[in-house]
Amino acid sequence: MPETLDAIVVGTGPGGAPLARDLARAGKKVLMLERGIRHEKALGMPLGPRIMEGAGVFCRSREGVFIARGITLGGSSMIYNANVFSPPQKVFEAMGVDFSESVSEIRNEIGPKVLPERFFKNARGLARLMSAAESLGLDFEPQKKFVNPDLCRVGCDSCMAGCSRRAKFTTRVFADQAVSAGARLLTGCAVEKIIVEKGRAKGVITRDGRTFSAKTIVLAAGGLGTPAILLRSGIADVGSHFYMDPMNIVVGYMDQGPGAKGEMTFTHAIESTAKEEKFIIGNISSFAVASTSLMRMNVLLHNLPRLPRYRHGIGLFVKLSDSAHGQVFPDGSISKPYLPVDYKRMKAGTDLAREILVRAGVAPGSLAVGEGIGGHPGGTVAMGRSLNTDFSLKAVENLYVCDGSALPESPGVPPSLTIMGMSRHLGKKLVAALG
């Protein structure tokens, strides 16, 4: 390692990899540290979930809420569904900074696409859902995705287990480009804490005892990882105001006709409910119906006799923009209680999903709900509370945070593009500051 690095970037997900690439391309000496390894083999099902913390099953809050989090090169971009949502205006207003130009640059560089018609030619379950929603005055909107349809396989539903065909864009691309531009990358290298001297960040200490120094430290370890590192470093006033966009997954089996076998999850969504009701509803495949049984025992027990009718399974998820009311602790454990307003909104969304499914032909007695299945952790080192508008930490000089933890409240939509835009924006600022 060079004696003095320009920047250490902790994390290679949407918050870390874009700015690391931009710094390296500007000729800066950059070290990327990634807790996970570079998983290449056996992505997708059934072994792909190993790239998640706790294999996607054992990472839970103290209240039992699941938290999906990617622990691999590329971070949680390896387990997202690649849906593309630009940040709503409320994000810029809450943060007090407009990085919309950088969002557009990232969006245009990757190039989102709506999957072509061949992906839905035989999607009869989806067609029934869309017809049922329309009868209620609701529209399922096709989703733009960071997916190359020429590489994607029709009927594959393994986005959340890692894409073995590299059809889905992940920030591994940016990390590899950073390395090509001269950055160093260490995988399997978890950061224990930040070295702080006289109010300035000087470097990091890894869990295996190594020390690295740099002019600038950027924490992009995610809404759970970043606050835990800061707390272990003796930095207070972080880790609270935790939100995580919890889902209820409503599953059932068709009375007659096919379910959603061979279909893809989250290709369509009801977005009109996002602003007022604070939730969106999206489709899931028969495979996702069965997977829900692995996470929630009540779903497994309820539909155990129906599992042989796998192809008739169909369901909807209700993703809530929850209140920023939870806590991350230094050891990485999590508390995520729901407020009454969260219960009320989630119930409204779940009831609506039930009605759509019944109208689509699902047997009412087969309906079951997998509750508290979350992702998108954030709010734990929020701008305005813990961060200045240049993403620097108020309590420590020379230390920046760029991931979901910087967002003061849930955007209400999947945040990957928002976070990548933040990263690009901060990268420009750091290139100028480092000279």
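Each residue is numbered by its place in its chain's sequence as written, counting from 1. For this predicted model, a pLDDT threshold of at least 70 governs which residues receive local features, and a threshold of 80 or more governs which side-chain atom pairs are given and counted, while totals over whole chains, interfaces and linings are taken from all residues. Heavy atoms throughout the structure, all of them, feed into the side-chain values; hydrogens and water do not.

**Q** In this structure, what is going on with unusual backbone geometry? I would like to understand it.
**A** It is generally the case that most residues other than glycine have a negative phi and that most peptide bonds are trans. With omega at 10 degrees, the peptide bond leading from M45 into P46 counts as cis. A run of H or I in DSSP counts as a helix once it spans at least four residues, and a run of E counts as a strand once it spans at least two, with each numbered from the N terminus. In this structure, P46 sits in the loop between β2 (30–34) and β3 (66–67). A positive phi angle, close to 60 degrees, is found at R166, a residue other than glycine. Tracing the sequence through the fold places R166 in the loop between β6 (144–145) and α5 (172–180).

**Q** What is the right way to look at the nonpolar core in this model?
**A** Across soluble globular proteins, nonpolar side chains have a tendency to be buried as a group. Among the nonpolar cores identified, the biggest contains 77 residues, and I8 and L399 are the most heavily contacted of them. Ranked by the residues each element gives to this core, the list is headed by helix α11 (residues 416–434), at seven residues. Not counting the four nearest positions on each side in its chain, L399 is found in contact with I194, A201, I217, L219, L230, I235, F391, S392 and L393. Definition used in this section: a nonpolar core is a set of buried Ala, Val, Leu, Ile, Met, Phe, Trp, Tyr and Cys residues joined via side-chain atoms within 4.5 Å. For the exposure calls, accessible area comes from a 1.4 Å probe over protein chains only, and a residue counts as buried if that area is under 20% of its type's maximum, exposed if over 50%, partly exposed in between. If you look at the next biggest cluster of nonpolar residues, it comprises 24 residues, including A260, F279, A353 and L367. By definition in these notes, contact holds between two residues if any of their heavy atoms fall within 4.5 Å.

**Q** Help me out: how do you make sense of the side chain of T418 in this one?
**A** Topologically, T418 is positioned in helix α11. Overall, the relative accessible area of 0% leaves T418 in the buried class. For T418, the contacting residues outside a window of four places in its chain are F85, S86, P87, V91, F99 and L407.

**Q** For this particular structure, what's the right way to read the packing of helix α1 (residues 17–25) against α11?
**A** Packed helix pairs are specified by the crossing angle of their axes together with the interaxial distance, meaning the distance between the axes. Helix axes use the C-alpha atoms of the stretch in contact, all axes being lines fitted to C-alpha atoms, and the angles between their N-to-C directions lie in the range 0 to 180 degrees. Relative to each other, α1 and α11 sit at 30 degrees, their axes nearing to 7 Å. The angle between α1 and α11 falls in the class roughly parallel. Helix-helix and strand crossings are classified by hand; for α1 and α11 the assignment is right-handed. Contacts between α1 and α11 involve P18, L19, R21, D22 and L23 on the former and, on the latter, M420, S423, R424, L426, G427, L430, V431 and L434. Ten residue types, Ala, Val, Leu, Ile, Met, Phe, Trp, Tyr, Cys and Pro, are classed as nonpolar, four, Asp, Glu, Lys and Arg, as charged, and the remainder, Gly among them, as polar. Among the residues forming the contact of α1 with α11, the class breakdown is eight nonpolar, two polar and three charged. Small angles under 35 degrees read as roughly parallel and large ones over 145 as roughly antiparallel, with 65 to 115 read as roughly perpendicular and the rest as oblique. Crossing handedness is read from the near helix: turned anticlockwise from the far helix by less than a right angle, it gives a left-handed crossing, and turned clockwise, a right-handed one.

**Q** Sorry if this is basic, but what is going on with the sheet that holds strand β14 (residues 313–320) here?
**A** Through backbone hydrogen bonds, the strands of a sheet pair up, either in parallel or in antiparallel fashion. When DSSP finds at least two bridges between two strands, those strands are taken to pair. Taken in spatial order, the seven strands line up as β3-β17-β11-β14-β13-β12-β5 in an open sheet, and their pairing is mixed. This sheet does not close on itself; its edge strands, each paired only once, are β3 and β5 (141–142). Here strand β11 (residues 247–253) runs beside β14; their pairing, made up of seven bridges, is antiparallel. Its bridge partner being in β14, M247 is matched across the sheet by K319.

That is the geometry; function is a separate question.
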